[in-house]
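Coordinate inspection notes
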Amino acid sequence: MSDAETIRADKDRLWGSLMEMGRIGATPGGGVGRIALTELDRQARDLFVSWCEQSGCAVRVDAMGNIFARRAGRDPSLAPVMTGSHLDTQPLGGRFDGIYGVLAGLEAVRALNDAGVTTRAPIDVVVWTDEEGVRFSGMLASGVFSGVYRLEDALARTDPDGVTMAAALEAIGYAGTAPIGDSPPAAFFEAHIEQGPILEAEDKTVGVVMGAQGQRCFHVTVTGEEGHAGTLPMELRRDALLGAARMVDAVNRVAFQHDPHPVITVGSIDVRPNSPNTIPGRTGFSIDSRHPDNDVLLTVEREMNEACAAIAAAADLEIAFELVSERKSVSFDEGCVCSIRDAAGRLSISHRDIYSGAGHDACNLALAAPTGMIFVPCERGISHNEQENARPVDLADGCSVLIHVLMERAGAG
Ligand SMILES: [Zn+2]
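The rules behind the values
The numbers attached to residues start from 1 for each chain and follow its sequence in the written order. Only residues with pLDDT of 70 or above have their local features reported here, since the model is predicted, and side-chain atom pairs are shown and tallied only from 80 upward, although totals for entire chains, interfaces and linings are computed over all residues. Note that water and hydrogens are dropped before the side-chain values are worked out from all heavy atoms of the structure. To qualify as a helix, a DSSP run of H or I must reach at least 4 residues; to qualify as a strand, a run of E must reach at least 2; elements of each kind are numbered from the N terminus. Note that the radius of gyration is over C-alpha atoms, with the globule rule given as 2.2 Å times the number of residues to the power 0.38. Under the scheme applied here, a residue whose accessible area is under 20% of the maximum for its type counts as buried, over 50% as exposed, and between as partly exposed, the area being computed with a 1.4 Å probe on protein chains only. Throughout, a contact is declared for two residues whenever any of their heavy atoms are within 4.5 Å. The salt bridge definition used is simple: a Lys or Arg side-chain nitrogen within 4 Å of an Asp or Glu carboxyl oxygen. Ring pairs are drawn from Phe, Tyr and Trp, using the six-membered ring of Trp, whenever the two centres fall within 6.5 Å, and their geometry is named by plane angle: stacked under 30 degrees, edge-to-face over 60, tilted for the rest. The term nonpolar core refers to a set of buried residues drawn from Ala, Val, Leu, Ile, Met, Phe, Trp, Tyr and Cys, joined through side-chain atoms within 4.5 Å. Should DSSP find at least two bridges between two strands, the strands are taken to pair. Orienting the strands away from the viewer, one traces the path from the first strand over the helix to the second; a clockwise path indicates a right-handed crossover. By the counting scheme adopted, Arg and Lys are positive, Glu and Asp are negative, and His together with the chain ends is not counted. We define a polar contact as two N or O atoms separated by no more than 3.5 Å, with the added condition that, inside protein, one atom must be a possible hydrogen donor and the other a possible acceptor, whereas residues neighbouring each other in sequence contribute only through side-chain atom pairs. Multiplying 1.5 Å by the helix residue count minus one yields the expected span of that helix. Every angle, taken between N-to-C directions, lies between 0 and 180 degrees, and every axis is a line fitted to C-alpha atoms, over only the stretch in contact when it is a helix. Throughout this description, any angle smaller than 35 degrees is read as roughly parallel, any larger than 145 degrees as roughly antiparallel, any in the 65 to 115 degree range as roughly perpendicular, and the remainder as oblique. Whether a crossing is left-handed or right-handed is set by the direction in which the near helix is turned from the far one by less than a right angle, anticlockwise for left-handed and clockwise for right-handed. Amino acids outside the nonpolar list (Ala, Val, Leu, Ile, Met, Phe, Trp, Tyr, Cys, Pro) and the charged list (Asp, Glu, Lys, Arg) are all regarded as polar, and Gly is one of them.

Thoughts on the overall build of the protein
Of the regular secondary structure elements, the protein holds 13 helices and 16 strands. The C-alpha radius of gyration computed for the protein amounts to 24 Å, which stays within 12% of the reference 22 Å derived for 413 residues, consistent with globular compactness. By its C-alpha atoms, the protein is 85 × 45 × 40 Å across when sized along the principal axes. Out of the 413 residues in the protein, the part that is buried amounts to 53%. In the protein, 79% of the contacts between residues at least 6 apart in sequence involve partners at least 24 apart.

Looking at the pattern of salt bridges
Under the defined criterion, the tally for this structure stands at 24 salt bridges. Of the charged contacts, one joins Arg70 and Asp124 as a salt bridge, the two residues approaching to 2.7 Å between their closest N and O atoms. Of the two residues, Arg70 is situated in strand β2 (residues 67–71) and Asp124 in strand β4 (residues 123–127); the sequence distance between them amounts to 54 residues. We note a salt bridge from Arg216 to Glu326, for which the minimum N-O separation is 2.8 Å. Of this pair, Arg216 sits in strand β7 (residues 214–223) while Glu326 is found in strand β13 (residues 318–327), placing the two residues 110 residues apart along the sequence. What makes Arg216 buried here is its relative accessible area of 11%. Taken together, the shared-partner salt bridges in this structure form one network comprising Arg60, Arg70, Asp124 and Asp182.

Observations concerning the packing of aromatic side chains
Aromatic rings considered in pairs are described by the distance between their centres and by the relative angle of their planes. Throughout the structure, instances matching the rule amount to 6 aromatic pairs. Summarising the aromatic geometry, the rings of Phe68 and Trp128 are spaced 5.9 Å apart at their centres and angled 90° between planes, so their arrangement reads as edge-to-face. Placement of the pair is Phe68 in strand β2 and Trp128 in the loop between β4 and α5 (140–145), with a sequence separation of 60 residues. Assessed through its relative accessible area of 1%, Trp128 is described here as buried. Judged by centre distance (6.0 Å) and plane angle (70°), the rings of Trp128 and Phe188 are edge-to-face. Of this pair, Trp128 sits in the loop between β4 and α5 while Phe188 sits in strand β5 (residues 187–193), placing them 60 residues apart in sequence. Neither residue differs from the other here; Trp128 and Phe188 are each classed as buried. An aromatic cluster is built from Phe68, Trp128, Phe145 and Phe188, whose rings are joined through pairwise contacts.

Description of the environment of Arg23
By secondary structure assignment, the location of Arg23 is in the loop between α2 (11–22) and α3 (39–54). In this structure, the C-alpha to C-alpha distance between Arg23 and Pro76, residues 53 residues apart in sequence, is 36 Å.

Comments concerning the nonpolar core
Of all hydrophobic cores here, the largest spans 95 residues; its most connected members are Met21, Phe48, Leu103 and Val401. Ignoring any residue separated from it by four or fewer positions in sequence, one finds Met21 in contact with Arg34, Ala44, Leu47, Phe48, Trp51, Leu87, Ile99 and Leu103. Membership of the second largest hydrophobic core comes to 21 residues, among which are Ala244, Phe285, Val296 and Met304.

Thoughts on the pairing of β4
For β4, the buried fraction is high: 5 of the 5 residues fall into the buried class. Burial along β4 is two-sided: Ile123, Val125 and Val127 facing one way and Asp124 and Val126 facing the other are all buried. In this sheet, β4 lies alongside β2 in antiparallel orientation, the contact comprising 5 bridges. What sits directly across from Ile67, in β4, is Val127. With 5 bridges connecting them, strand β3 (residues 81–85) and β4 associate as parallel partners. Across the sheet, the residue bridging to Ser85 is Val127, located in β4. Taken together, β3, helix α4 (residues 99–115) and β4 form a β-α-β motif whose crossover is right-handed.

Overview of the side chain of Glu194
Looking at where Glu194 falls in the secondary structure, it is placed in the loop between β5 and α8 (198–201). One buried charged residue, Glu194, forms no salt bridge at all, with the nearest opposite charge on Arg352 at 7.4 Å. Polar contacts involving the side chain of Glu194 include one to the main-chain amide nitrogen of Ile198, which spans 2.9 Å. Apart from the residues within four sequence positions on either side, Glu194 is in contact with Leu199, Glu200, Ile354, Phe375, Val376 and Cys378.

Details of α3
Its 16 residues give α3 an end-to-end C-alpha distance of 23 Å, which sits within 8% of 22 Å, the value for a rise of 1.5 Å per residue. Taken residue by residue, α3 has Asp41, Ala44, Arg45, Leu47, Phe48, Val49, Trp51 and Cys52 as its buried positions. Among the structural elements, α2, β1 (58–61), β2, α4 and β4 are those in contact with the buried residues of α3. Note on α3: the residue one or two positions beyond its end, Gly56, has a positive phi of about 85°.

Thoughts on the packing of α4 against helix α13 (residues 392–410)
Interaxial distance between α4 and α13 falls to 9 Å at its minimum, and their mutual angle equals 60°. When the axis of α4 is compared with that of α13, the two are oblique. Judged by the twist between their axes, the crossing of α4 over α13 is right-handed. Contact residues: Tyr100, Ala104, Gly105, Glu107, Ala108, Ala111 and Leu112 in α4; Asp394, Leu395, Gly398, Cys399, Leu402, Ile403, Leu406 and Met407 in α13. Here the contact of α4 with α13 is built from residues that sort into 11 nonpolar, 2 polar and 2 charged.

See below:
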């Protein structure tokens with residue numbers, strides 16, 4: 001094991017691969033715009049496949065266009081240990097979100113090759129199709145792999161132009177033939193930039209991800225009565241916007257009644273008739289609430305609902321409080337979480353436990369296999385933005401943790 005213990009990611013090689021991949025779909029603002037199943041996505045996939053083949057991997061593509069690059073183990077009958085993420089981006093996205101997880105997996109393969117380490121189980125580096133959901137639906141392909149969605153339903157999804165996912169996969173040559181889930185993983189690990197500010201603020205290099213927050217989103221409609229801004233006395237008004245404004249304040253206050261706080265956001269509002277000299281008769285607004293504990297999330301929902309209802313009653317307004325989407329929280333596998341924490345400790349890389357505020361393919365995989373995630377800091381927590389940035393040394397350290405986790409799980413030495 002002594003040789004294997006000294007293996008580290010090659011910082012410059014990993015950074016070089018990230019920068020080379022970032023040229024495909026590069027935007028003037030320094031980011032990347034590479035929407036899933038476009039010509040640019042094809043180029044990125046082709047580059048990844050060529051790199052994997054040069055590293056001795058055998059590449060399979062499944063019916064959702066997920067790419068699996070396998071580094072063989074000594075025992076081909078063993079289930080693979082899998083790692084990876086996504087290569088697609090937001091329209092004005094960054095060079096690291098998703099791409100880091102894919103290329104950290106590739107760097108792991110390259111580093112194991114350099115060190116001459118053979119594992120017992122195979123290692124698969126995977127690219128999940130359309131994680132971002134800009135064109136079809138986010139995390140759909142990893143969801144099909146994990147049994148969340150049916151293949152037929154997913155392939156029949158259409159983009160805003162009416163093109164089906166099946167046709168889009170065909171068009172870029174990535175409608176693969178490998179059956180979905182033909183080689184289920186023994187475990188899955190995803191490396192990813194944090195997309196939040198916590199690691200950087202605390203000067204920690206690795207986030208040991210415990211799980212991902214649950215999310216419940218609502219649409220609230222407040223109905224009052226329109227009236228003339230000059231003639232209707234204040235005490236007679238049923239101003240829907242004023243009621244909504246008080247509700248926005250009230251739901252934010254609910255967040256501070258819990259420790260740890262849920263994150264609650266009102267980010268969208270519409271006012272009818274939206275005229276400077278008419279008292280608003282109806283106002284709709286969104287609420288996005290997230291917390292790692294599903295029970296807390298339900299309590300938060302009740303408290304927000306009650307607070308809004310009380311404000312409506314006091315102002316003689318009607319209110320409709322509707323759930324529009326939900327995603328349950330995910331807890332990652334204790335064994336995988338420990339593997340990551342222990343590997344960071346052995347490598348003397350600073351770390352802390354953390355929850356993911358965003359959804360990731362790993363959240364789907366957690367339903368199908370023991371799963372863990374490794375976060376690394378990104379500059380000022382900025383993501384889904386051309387300015388997204390990360391330090392080569394942090395990316396390499398996160399990758400070194402990944403390498404050691406993969407070696408442990410796949411049986412090195
Ligand atoms: Zn991502």
